[in-house]
Amino acid sequence: MNKPWLPWVTTPLLLAVFFVVWGVYVHVAQVNAFILPSPMSVFSAWADVIKDPRAWHHTAVTVGETLAGFCIAVFIGVGGGVVLGRARWLEATLNPFVVGLQVVPKVALIPLFIVWFGFGPTSKIIVSAVIAFFPILSNTLLGVKSVHAGHKDVMVSLNASRWAVFRRLELPNALPYILTGMEVGVVLALIGAIVGEFLGGNQGLGYLLVAKMNAYETDMLFAVIMHMTVVGFIFYFSIGFLRRVLIPWHESMEHR
Amino acid sequence: MSDPSQTGIALAGVEKWYRTRGEPVHALAGTDLDVARGEMVVLLGPSGCGKTTLLRMIGGLIEPTSGTIHVTGRNLWQAGRRQDAAVAEMGMVFQEANLFPWLTIAQNIALPLELRGMPKAERLERAEALQQLVGIAGFGERWPRELSGGMRQRAAIARALSYDPEILLMDEPFGALDAMTRDAMNLELQRIWQATGKTIVLVTHSITEAVFLADRIVLLSPRPGRIDTVVQVDLARPRLLDVQAEPYFQQLAVKLRHRLEEIS
């Protein structure tokens, strides 16, 4: 694409159109504010959220849980992917369990985690890590395994040690895959933390959302959703930033 | 056989069988070949004649089923173990440049030196000189994807030369390039060879390339791969591209083409 500025123009434009259509619809169709509040009242509710220090406390709790869970997921996912990618027999042995772990609806484990780890942040961190872990593991595994045969030949012809092959070839080769896994994983980590907060405890954005629902404050409900979305965006784009720093050589960084 | 310590490469009864799911495939029948130090030998043959297998065995990427390979007097395989000291005497260039996309051109060229533990300043200085030698000076800071195929292949040659090996093994190094770039690279290779005095073994299926570059052409026939004929090329150096118009060049090329058609 040779118009890098294009999304900077179209994105705000399309958002504006969306909010105008929403506002006009609510006004013309006389929709009950309890079902669908007008965008204006949602924005003013969001302004209240931003001004409220308690809301920032909830935000900090959720962000903290997400980051902690995500870091655990990266640590175990990358480590596990590297180990499984290098020891094929181990991958063959563990594969059914890895797939099984992926197939289990992990949110269904949340009540269990609450029983085991209580209503505090620990249970949310664990949920977050468990949900984010899989895409990071499978992408790392794919990255370590998909080393170009010609690159291996080069290392063999250079008498490279096993460690050098890992450090100079397999790891850098896997890095774009790992970052893709992290991009998916960080959003899942946030979802894990929020869903965990739905079910237990008295802090975090998930808790705040449930509290607003129980208070029948629909405009606040929307405002909290927007707030969460912004947090999600910040996480997602942080990984994009990491991508620019870590893999400027990759094809995906061309024309930037 | 001559004294292996005086030759660049000495092959004695080198044979290769591939064991696949079906019947074993006889890739290369017992092969004897001596390459003198400083000589440019071209392995020429149709596909399936085992020329790449032969080159990869010399380079230590594949172990022969039987026979011995001596590289500058060192036995390459001793009791089933590859001798790293013998491998270190050889630099390999493949059909694809196989540069690492996450390293700059200079870092790619210096990679073998890094693996040998040479300090950074020293190896980057050496990479600079090598870029000069292969004609890509000033491109050291670029990513491989930013260079053309011909320039990437020049960088691959520089990488193979970086640790100053005695021998350069080249597996269809210009096969993926267009005809004009290929001609230019043949000239360049001759220049680099004359400047460095390396022993070169090059695999190709281009008759023109073989006659233009070689001191000696080793023609291989397929099923199983074996040496068919060995032809001396008596053309003065440095050869220019116009040498292709000379009667001697053309007669030799025609003779090789006829023989290739007979054995294919």
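Only a predicted model underlies this, so the values are computations on that prediction, with no experimental measurement involved.

Structural notes on the sheet that holds strand β4 (residues 66-71) of chain B
Residue and element names in this part refer to chain B.
- Spatially, four strands are ordered β2-β1-β4-β5 in an open sheet, and the strand pairing comes out antiparallel. In this open sheet, the two edge strands, each paired with only one partner strand, are β2 (25-36) and β5 (74-75).
- Direction of pairing for strand β1 (residues 7-18) relative to β2: antiparallel, over a ladder of eight bridges. Following the sheet pairing, Tyr18 is matched in β2 by Val25.

Some points on the sheet that holds strand β8 (residues 90-93) of chain B
All names here are of chain B.
- If you walk across this open sheet you meet the six strands as β8-β9-β10-β3-β11-β12, and the pairing is mixed. Sheet topology places β8 and β12 (226-232) at the edges, where each strand pairs with a single neighbour. Averaged over neighbouring strand pairs, the angle between their axes works out to 20° when direction is ignored.
- The pairing of strand β11 (residues 216-221) with β12 spans six bridges and is classified as antiparallel. Pairing of Ser221 across the sheet is with Arg226, part of β12.

Section: the packing of helix α9 (residues 205-214) of chain A against helix α10 (residues 218-246) of chain A
Residues and elements named next belong to chain A.
- The N-to-C vectors of α9 and α10 enclose an angle of 165°; their axes lie 9 Å apart at closest approach. The angle between the axes of α9 and α10 places the two elements in the roughly antiparallel class. In this structure, α9 crosses over α10, and the sense of that crossing is left-handed. Residues Leu205, Leu208, Leu209, Lys212 and Met213 of α9 pack against Met220, Leu221, Val224, His227 and Met228 of α10.
- Among the residues forming the contact of α9 with α10, the class breakdown is eight nonpolar, one polar and one charged.

Some details on the interface of chain B and chain A
- Across the boundary between the two partners, chain B contributes 16 residues, which contact 13 residues of chain A.
- Elements that contribute at least two residues to the side of chain B that touches chain A include exactly α2 (84-87) and α3 (105-115) of chain B.
- Taken together, the residues of the side of chain B that touches chain A sort by class into 11 nonpolar, two polar and three charged.

Thoughts on the nonpolar core
- Counting 73 residues, the largest nonpolar core has B:Val42, B:Leu43, B:Leu169, B:Val201 and B:Val218 as its most contacted members.
- In this structure, B:Val42 is in contact with B:Leu202, B:Thr204, B:Ala210, B:Leu213, B:Ala214 and B:Ile217, ignoring residues within four places of it in sequence.
- Formed by 47 residues, the second largest nonpolar core is a distinct cluster that contains A:Ala129, A:Phe134, A:Ile194 and A:Ala223.

Brief notes about the environment of A:Gly192
All names here are of chain A.
- The topology assignment puts Gly192 in helix α8 (residues 162-199).
- Between the C-alpha atoms of Gly192 and Val107, which are 85 residues apart in sequence, the distance is 7.6 Å.
- With residues near it in sequence (within four places) discarded, Gly192 still touches Gly69, Val127, Ser128, Ile131 and Ala132.

Regarding helix α2 (residues 39-51) of chain A
Residue and element names in this part refer to chain A.
- Taking 1.5 Å per residue as the helical rise, α2 with its 13 residues ought to reach 18 Å, and the 18 Å between its terminal C-alpha atoms agrees with that figure.
- Along α2, the residues that are buried comprise Val42, Ala45, Trp46 and Val49. Viewed along the axis of α2, the buried residues span an arc of 105°, placing them on a single side of the element. Along α2, exposed side chains directed more than 90 degrees from the buried face belong to Ala47, Ile50 and Lys51.
- Where the residues of α2 are buried, they touch α3 (53-86) and α10.

What counts as what
Residues numbered from 1 in each chain as written. Chains lettered and ligands numbered in written order. Predicted model: local features only at pLDDT ≥ 70, side-chain atom pairs only at ≥ 80, totals over all residues. Pairing = 2+ DSSP bridges. Helix = DSSP H or I, 4+ residues; strand = E, 2+ residues; numbered from the N terminus. Axes fitted to C-alpha atoms, helices over the stretch in contact; angles between N-to-C directions. Parallel < 35°, antiparallel > 145°, perpendicular 65-115°, else oblique. Left-handed = near helix turned anticlockwise from the far one by under 90°. Contact = placed C-beta atoms within 7 Å. Nonpolar A, V, L, I, M, F, W, Y, C, P; charged D, E, K, R; others polar. Core = buried A, V, L, I, M, F, W, Y, C linked by C-beta atoms within 7 Å. Buried ≥ 20, exposed ≤ 12 C-beta atoms within 10 Å, placed from the backbone. Expected span 1.5 Å × (residues − 1). Arc of directions from axis to C-beta.

Interpretation in functional terms is not warranted from these geometric data alone.
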